[in-house]
Protein chains: 2
Amino acid sequence: PRLRPLALLDAGQAMFRLDRFARRVEREEPWRTDRASESDSETFAAWIERNVYTQQVRRLLAVPCKTLWGAEPEELSLLYTGAYVRGAGGLNRLLDTPRGAQESRFVGGPNLVARRVAEELGDRVRLESPVARIEQAEHTVRVRTPTDDFLARRTIVALPPPLVDKIEFDPPLSAERQALNQRMPMGRLMKCFAVYPEPFWRDDGLSGEAVSDSGPATITFDTSPPSGSPGALLGFVGAAEADALARMSDAERREAVLEGFVRLFGPRAAEPDDWILQDWPAERWSGGGPVAYMPPGVLTDAGRALREPSGLVHWAGTETATRWTGYMDGAVRSGERAAEEVLAALD
Amino acid sequence: PRLRPLALLDAGQAMFRLDRFARRVEREEPWRTDRASESDSETFAAWIERNVYTQQVRRLLAVPCKTLWGAEPEELSLLYTGAYVRGAGGLNRLLDTPRGAQESRFVGGPNLVARRVAEELGDRVRLESPVARIEQAEHTVRVRTPTDDFLARRTIVALPPPLVDKIEFDPPLSAERQALNQRMPMGRLMKCFAVYPEPFWRDDGLSGEAVSDSGPATITFDTSPPSGSPGALLGFVGAAEADALARMSDAERREAVLEGFVRLFGPRAAEPDDWILQDWPAERWSGGGPVAYMPPGVLTDAGRALREPSGLVHWAGTETATRWTGYMDGAVRSGERAAEEVLAALD
């Protein structure tokens, strides 16, 4: 259903309040925020319950949450949510297309950035060589893959914390770091593309952007190429909706998502020429997406362990970033920070 | 400080209310409980905040929580807490010595139960053979350790969910099951024993049982053998206190815990003849203790996946029990349930 004016007002003031809360969170050390333990004891769902007055807007606020974190509001710590919003410079910058996180689709796809960097590095980049074991001696680290063996003075691990557990560490990581790896799960997010002969929704004056509480795709975007042909609709399916889709066959998933597109954009959405579903949670080396998040109690208790080196092992990855956590921007910043740590240590 | 009478009253009514809440939780399928999603959206800490009026009792209620789950109240889902209490038949049965979970120390230690069963099974039990990989075909499961290779029609995995991730599954586990493994962390619990020539606290009329909010050991018991010689004090260090101890050296840990014992039992506690600290979170094959728990949102969203077989792989372990979850009793029940599933499937 469309939003009534009162609901719009309610949504507006809730987003204003969340931004105000986020601005008070300490960016570099969120656990030092005023009353940190109180807001880390609470779920984002409890905050919504207290600050939003209409049922419709409560459901509405869950929608960006499912996509931004791949988690339901009840799975997120309020303090963590605030720190994440703060790191992006505000809720609008996370949600917006103009000047926000959703602004552009890279022509060629964003993995082009990684590909171009890899080209420069040449055969120093090893693909399909999962690290199985990391052994630390006094001054050296040995990194073992099933086929190779690398000796280094320092190592940077750039994995989301829950995937670090797939590597065997000798000696084992500290209890604190192991506990952190267990307490930061990956979100659950799927990305669906339906490709049509043309962006037919534009004929009806629709932008292709929609936020819906009935899903399975709760947020959609028009991702047609600049030429306008073919037409492509992108839908994100996150958290509870992704869990429901995970239990379905490929055909059932397609049907369920397209039914949702029909509700939003009319009957022409039912029969795309092409259909792609990216299922990160089912991928062995992703284990979920878009980012590993923090349930209540983790940020104040163990937040500082996220970036603290474990002996000769340094930690990077977008989860360790304090600006644009969860995004490519944060990933790049985390790599620069880890590289600086290593250079300082070797100096 | 000792409890004032008003605080005792406050503690009494809070425990009464928690039991009343727990009795309403559906034992076998807690996600079907009336208003389940509401109580699964909340932390146990938020419940304490709402239902307990004195600061002293709020801190006091965190103490059993640290020991029972190795987690702070803000890390636990309220619905999960209720289901766990329900599975034990009430809060008192979890906390009490007479007729409760803390009643007896097995002479010889509880691992005697496992040892005796292993003796009967003989060389069918393989120790020091960690399973590295489980491969499923249409009708068979292959279980690989670094040295051996077993072929079976069904397999029962009896590990806490977070440790399942250390095994490589081919094909990978379902996204749903992988997400569950990531969303149930182990608690953090350490167990300390100080051994004295005799149980000197008895001379002062003290039982050796104490609940303290100043730690590091927040709960203590007298675990002297029936003969009364030597004297042994057991202290549990859990959650935030365990995290703090994890950062200390062995000597600092001993000193910190004994300082706490001295506050409770007087200066004679300072110099034990013997000292043992069991640090489960640092153990590679434990990864924490005493049990894997559920943060908010996990039980209603993924609770049923805990026991649901993954193809030819069946799940046991105390986390899957609906009575005495987290205890040996629950572990045995879960084994019986999984064995029944396998027998029914092979029938």
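Note that the structure is a prediction, hence the values are computed from the model and not measured. (Residues numbered from 1 in each chain as written. Chains lettered and ligands numbered in written order. Predicted model: local features only at pLDDT ≥ 70, side-chain atom pairs only at ≥ 80, totals over all residues. Heavy atoms only, no water.)

Peer 1: Account for the environment of Ser-224 of chain A, naming residues and giving values.
Peer 2: All names here are of chain A. Within the secondary structure, Ser-224 is located in the loop between strand E8 (219-222) and strand E9 (231-238). On the accessibility criterion, Ser-224 (13% relative accessible area) is buried. Not counting residues up to four positions away in its chain, the partners in contact with Ser-224 are Pro-199, Trp-201, Arg-202, Pro-230, Gly-231 and Ala-232. Polar side-chain contacts of Ser-224 include one of 2.7 Å to the side chain of Asp-222. Among the polar contacts listed, one links the side chain of Ser-224 to the backbone nitrogen of Ala-232, at a separation of 3.0 Å. (Helix = DSSP H or I, 4+ residues; strand = E, 2+ residues; numbered from the N terminus. Buried < 20%, exposed > 50% of the residue type's maximum accessible area, 1.4 Å probe, protein only. Contact = heavy atoms within 4.5 Å. Polar contact = N/O pair within 3.5 Å; in protein donor to acceptor, adjacent residues only side chain to side chain.)

Peer 1: Which residues make up the pattern of salt bridges, and what values do they have?
Peer 2: Taken as a whole and assessed by the stated rule, the structure comprises 56 salt bridges over all chains. Of the charged contacts, one joins Arg-247 of chain B and Glu-176 of chain A as a salt bridge, the two residues approaching to 3.0 Å between their closest N and O atoms. A residue pair is termed interchain when its members come from two chains, as with Arg-247 of chain B in the loop between helix H10 (239-246) and helix H11 (250-265) and Glu-176 of chain A in helix H9 (residues 175-183). Since its relative accessible area comes to 44%, Arg-247 of chain B is described here as partly exposed. Assessed through its relative accessible area of 13%, Glu-176 of chain A is described here as buried. Between Arg-268 of chain B and Glu-198 of chain B there is a salt bridge whose closest N-O contact spans 3.1 Å. Note that Arg-268 of chain B is positioned in the loop between H11 and strand E10 (274-279) and Glu-198 of chain B in the loop between strand E6 (189-196) and strand E7 (210-211), a separation of 70 residues in sequence. Classification of Arg-268 of chain B as partly exposed rests on a relative accessible area of 48%. Looking at Glu-198 of chain B, the relative accessible area reads 38%, which means it is partly exposed. In the salt-bridge network here, residues are joined through shared partners; they are Arg-133, Glu-135, Arg-142, Arg-144, Asp-149, Glu-168 and Asp-170 of chain A together with Arg-284 of chain B. (Salt bridge = Lys/Arg side-chain N within 4 Å of Asp/Glu carboxyl O.)

Peer 1: Please provide a residue-by-residue account of helix H5 (residues 78-88) of chain B, values included.
Peer 2: In an α-helix, one turn spans 3.6 residues, which is why side chains three or four residues apart end up on the same side. Residues and elements named next belong to chain B. Counted residue by residue, H5 has 10 buried out of 11 residues, so it is predominantly covered. Residues of H5 that are buried include every one of Leu-78, Leu-79, Tyr-80, Thr-81, Gly-82, Ala-83, Tyr-84, Val-85, Gly-87 and Ala-88, and no others. Structurally, the start of H5 carries an N-cap: the backbone nitrogen of Leu-79 is 3.2 Å from a side-chain oxygen of Ser-77. With its phi angle positive at about 85°, Gly-89 sits one or two positions after the end of H5.

Peer 1: Describe the domain arrangement of chain A, naming the residues involved and giving the relevant values.
Peer 2: By convention, interface size is frequently given as the accessible area that disappears when the constituent parts associate. All names here are of chain A. The domain boundaries assigned to chain A delineate domain 1 (5-95), domain 2 (111-185 + 290-346) and domain 3 (189-282). The centre of domain 1, based on its C-alpha atoms, is set 26 Å off from the matching centre of domain 3. Every contact between the two is made by nine residues of domain 1 and, on the other side, 11 residues of domain 3. Across the interface of domain 1 and domain 3, roughly 810 Å² is buried in total on both sides, 67% from carbon and sulfur atoms. Contact with domain 3 buries surface across domain 1, with Val-63, Lys-66 and Thr-67 losing the most and accounting together for 60% of the total. Across the salt bridge formed by Glu-241 and Lys-66, the nearest N and O atoms sit 2.7 Å from each other. (Domains from an automatic or database assignment. Buried area = accessible area lost by both parts, 1.4 Å probe.)

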